[in-house]
Amino acid sequence: KQWYQRRVRGFVKNNLGATYIEPPPFDLPGSYSDSTNVTPLIFVLSPGADPMVALLKFADDQGFGGSKLASLSLGQGQGPIAVKMLETAIKQGTWVVLQNCHLSVSWMPTLEKICADLVPDSTHSDFRLLLTSYPSPHFPVPILQNGVKMTNEPPKGLKMNLVRSYLADPICDSEFFNSCQQPQAFKKLLFGLCFFHATVQERRQFGPLGWNIPYEFNETDLRISVQQLNMFLNQYQELPIDAISYLTGECNYGGRVTDSHDRRVIIGILEKFYNHEIVNDNDYKFSESGKYYAPKDGDYDSYLEYIKSLPMLTKPEVFNMHSNADITKDQKETNQLFDSILLTEGTGGGGGAADKDEMLYEVSEGILAKLPKNFDTEAALRKYPTAYKQSMNTVLVQEMGRFNVLSECVRSSLVNLQKAIKGLVVMSQELEDVAAAVMNGKIPEMWMGKSYPSLKPLGSYVNDLIQRLNFLQEWYDNGVPNVFWVSGFYFTQAFITGVKQNYARKYTIPIDTLSFDYDVMPEDCDTSKPPEDGAYVNGLFVDGARWDREKNVFAESTPKVLFDTMPMIQMKPMKKLEIPERPIYWCPVYKTSERRGTLSTTGHSTNFVIDMRLSSDKPEMHWVLRGLALLCQLDD
């Protein structure tokens, strides 16, 4: 699978030519010459690239800088302001830049009408409308069809990223480059900063192993950090590492970081490049291979020469990641390619429609046959009433209620789909979407609206759902299990709170003074009875490392083995002050490999579950940069 995209690229190159696989250079003058006063210029944004600096410079060169260029970032309440700006510019012949159109979905129909009403005779010949937007399904299609489209993709690869940074303002300005009063420290830290900028950009390609959320770090972040570095080194005789680290890591770049675990990552990366060793130790290396380091003090050209001598392909070890991360990256790109291909498929009928209907009917019939009846929550409440010292009764009944809602959604949609195939009911848009998803082997959006998070294909999802329902049924039939399949819960946080609550009520301790310690149990552990306190849990997978069953600590992944099964864990509630000190890694637990989630109405993330204190014989930052986490389920 990881080689698929390379083969596709080779196929396109051999049959259509290299032009179709190499991104064209960013040609703003050429695009401008193709535009007219009624043809908008559309900048398709991509993470890590900001066209505004180039656009403002081009406007100045064309004599449309200053008051002749009006710019507005769209968002809530900005629509009326944009309308006034456009009305003025159309009459006076000035330029208007409307940024981030994807953030103003409700105003897009108004923009479409304004563009449709533009006619050459009543529009000033010098007027230009420039739009910037990320790819969005809500962007008006007529504007896309009539406009001149361009994109300024960020360079791919660490080497090209470094080259671009050194060719950008202000670093390329020789006066600025040589203006610092501490030239050796400035040039070393400047190279470290550019390397940091390239690293945070390139980690995105590794998906959730790199960042939980793919942040849009861009040249503006680098520019302000470079200027602050120069300013602080000119103002202080000693190296103000703490100050520049805080401004760069917490403010300029860190200001974009919204996930607490990603914040650990960005601070850990910056510590490699903003430190005293990079300045004082000429043998200080950025990676284990020793190929990457800050060159000795030299002129501007010497740094460019060193950068150009670096390898074109960057290995994961440069980013403190395991070699398996390359496989993850290739799989991610291949999945994106497949998803894009599926988007081009039509949903209409045509030849073979009868076969499709027959297949849909058979698949839906198969799923309905597997799906058990809804749980009788009233009977469950009678058998497991709300008890002061057994919170698990409440957890079971609530879980049954949640899965009933999901099961009913799956069952009713498939029954209605079968009726629509027979012509007994109208095939609504929702049923069309369900049918399309079933044909593509994906989970229908209608189901996901009622479901726990899952990235599995349809067949695996159905099997997983049946397993979860069986887990609850066995609990109902046989009593509270000795070992909990923690991955089988819909709302895992309720179970975790229940474990803590049982302990708090048993020993009459305030629940807010409690936390968990975790013991990874040996494979021959006796599970014939539950632990005295806490709970045994299983069903977790290690992503980004493996569990060494002999040393009972995390260890490096086996080559070409992306995931490892985590042994059974005992969750031990205890007072926070009584948790024993030992070398640990705060390991985040997620429901899916996507890792990112949204805050639900309960205040919990839809994906993040809990941080577990697990033993480690390596520094915590080693595993942080590896992207190590535990997952409740895999994607297959």
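First, a word on what this report is: a plain description of the structure on this page.

Conventions we followed
- Residues numbered from 1 in each chain as written.
- Predicted model: local features only at pLDDT ≥ 70, side-chain atom pairs only at ≥ 80, totals over all residues.
- Heavy atoms only, no water.
- Axes fitted to C-alpha atoms, helices over the stretch in contact; angles between N-to-C directions.
- Helix = DSSP H or I, 4+ residues; strand = E, 2+ residues; numbered from the N terminus.
- Parallel < 35°, antiparallel > 145°, perpendicular 65-115°, else oblique.
- Contact = heavy atoms within 4.5 Å.
- Nonpolar A, V, L, I, M, F, W, Y, C, P; charged D, E, K, R; others polar.
- Buried < 20%, exposed > 50% of the residue type's maximum accessible area, 1.4 Å probe, protein only.
- Polar contact = N/O pair within 3.5 Å; in protein donor to acceptor, adjacent residues only side chain to side chain.
- Pairing = 2+ DSSP bridges.
- Patch = residues over 30% accessible without salt bridge, like charges linked within 9 Å, V, L, I, M, F, W, Y side chains within 5 Å.
- Areas by Shrake-Rupley, 256 points an atom, 1.4 Å probe, with all protein chains shown as cover.
- Salt bridge = Lys/Arg side-chain N within 4 Å of Asp/Glu carboxyl O.
- Lys, Arg positive; Asp, Glu negative; His and termini not counted.
- Charge placed at Lys NZ, Arg CZ, Asp CG, Glu CD.
- 1 Å grid on protein atoms, 1.4 Å probe; cavity = no way out; pocket = protein on both sides within 12 Å on 5 of 7 lines; lining within 4 Å.
- Points joined across faces, edges and corners; volume = space filled by probe spheres on them.

1. Description of the packing of helix 18 (residues 392-422) against helix 19 (residues 429-440)
Contact geometry for helix 18 and helix 19: axes closest at 10 Å, N-to-C directions at 100°. Classed by the angle they form, the pair helix 18 and helix 19 counts as roughly perpendicular. Every residue of helix 19 that contacts helix 18 at Ser-413, Asn-416, Leu-417 and Ala-420 is listed here: Leu-431, Val-434 and Ala-435. Here the residues of the contact of helix 18 with helix 19 are counted per class, giving five nonpolar, two polar and no charged.

2. Details of the side chain of Asn-275
Looking at where Asn-275 falls in the secondary structure, it is placed in the loop between helix 12 (260-273) and helix 13 (276-280). Taking the relative accessible area as the measure of exposure, Asn-275 reaches 9% and is therefore buried. Reaching out from Asn-275, the side chain makes a polar contact with the backbone oxygen of Lys-272 at a distance of 3.0 Å. Of the polar contacts made by the side chain of Asn-275, one reaches the side chain of Tyr-284; its length is 3.1 Å.

3. Examining the sheet that holds strand 6 (residues 483-485)
By way of backbone hydrogen bonds, the strands of a sheet pair with one another, either parallel or antiparallel. With mixed pairing, four strands are arranged side by side in an open sheet as 6-8-13-7. One side of each edge strand has no neighbouring strand; the edge strands of this open sheet are strand 6 and strand 7 (514-520). If you compare each strand with its neighbour and ignore which way they point, the axes differ by 35° on average. One ladder, built from seven bridges, connects strand 7 with strand 13 (residues 569-575); its direction is antiparallel. Directly across from Val-520, in strand 13, lies its bridge partner Ile-569. The sheet contacts of helix 22 (residues 492-506) involve strand 6, strand 7, strand 8 (535-538) and strand 13, and relative to strand 7 the element is tilted by about 105°.

4. Overview of helix 7 (residues 158-166)
Burial analysis of helix 7 places seven of its nine residues in the buried class, which makes it a mostly covered element. Considering only its buried residues, helix 7 is in contact with helix 8 (174-177), helix 9 (183-202), helix 10 (219-235) and helix 14 (300-308).

5. With respect to a negative patch on the surface
Judged by side-chain charge, Asp-355, Asp-357, Glu-358 and Glu-362 come together as a negatively charged surface patch. Along the polypeptide, Asp-355 turns up in helix 16 (residues 353-370).

6. Side note on the pairing of strand 3 (residues 95-99)
Most of strand 3 is tucked away, with five of its five residues classed as buried. Neither face of strand 3 is open: one carries Trp-95, Val-97 and Gln-99, the other Val-96 and Leu-98, and all of them are buried. As defined by bridge partners, strand 2 (residues 69-73) adjoins strand 3 across five bridges and the pair is classed as parallel. In the strand pairing of strand 3, Leu-69 is matched with Trp-95.

7. Re empty space enclosed by the protein
Under the criterion given, the structure shown has eight cavities of 30 Å³ or more. A volume near 110 Å³ is recorded for the largest cavity. At the level of elements, helix 12 and strand 14 (584-590) are the ones that each hand at least two residues to the lining of the largest cavity. Here the residues of the lining of the largest cavity are counted per class, giving nine nonpolar, four polar and three charged. Here the second largest cavity defines a volume of roughly 80 Å³. Every residue lining the second largest cavity is listed: Leu-209, Met-321, His-322, Asn-324, Ala-325, Thr-328, Asp-543, Gly-544, Ser-557, Leu-562 and Arg-626. Looking at the lining of the second largest cavity residue by residue, the class counts come to four nonpolar, five polar and two charged.

8. A look at the pairing of strand 8
Judged from the three bridges that link them, strand 6 and strand 8 form a sheet pairing that is parallel. When the bridges of strand 8 are listed, Val-483 appears paired with Tyr-536. Examined bridge by bridge, strand 8 and strand 13 share three bridges and lie antiparallel to one another. Following the sheet pairing, Val-537 is matched in strand 13 by Ile-569.

9. Here's the deal with unusual backbone geometry
Residue Pro-170 is bonded to the preceding Asp-169 through a cis peptide linkage, with omega at 5°. Residue position: Pro-170 is located in the loop between helix 7 and helix 8. For Asn-320, which is not glycine, the phi dihedral falls at a positive 60°. For Asn-320, the position within the fold is in the loop between helix 14 and helix 15 (325-343).

10. A closer look at the layout of surface pockets
One number sums up the size of the second largest pocket: a volume of about 330 Å³. As for the second largest pocket, its lining consists of 18 residues, and the residues nearest its centre are Gln-390, Asn-502, Pro-531, Glu-532 and Gly-534. Secondary-structure elements contributing two or more residues to the lining of the second largest pocket are helix 22 and strand 8. The dominant element in the lining of the second largest pocket, judged by the number of residues it contributes, is helix 22, at four residues.

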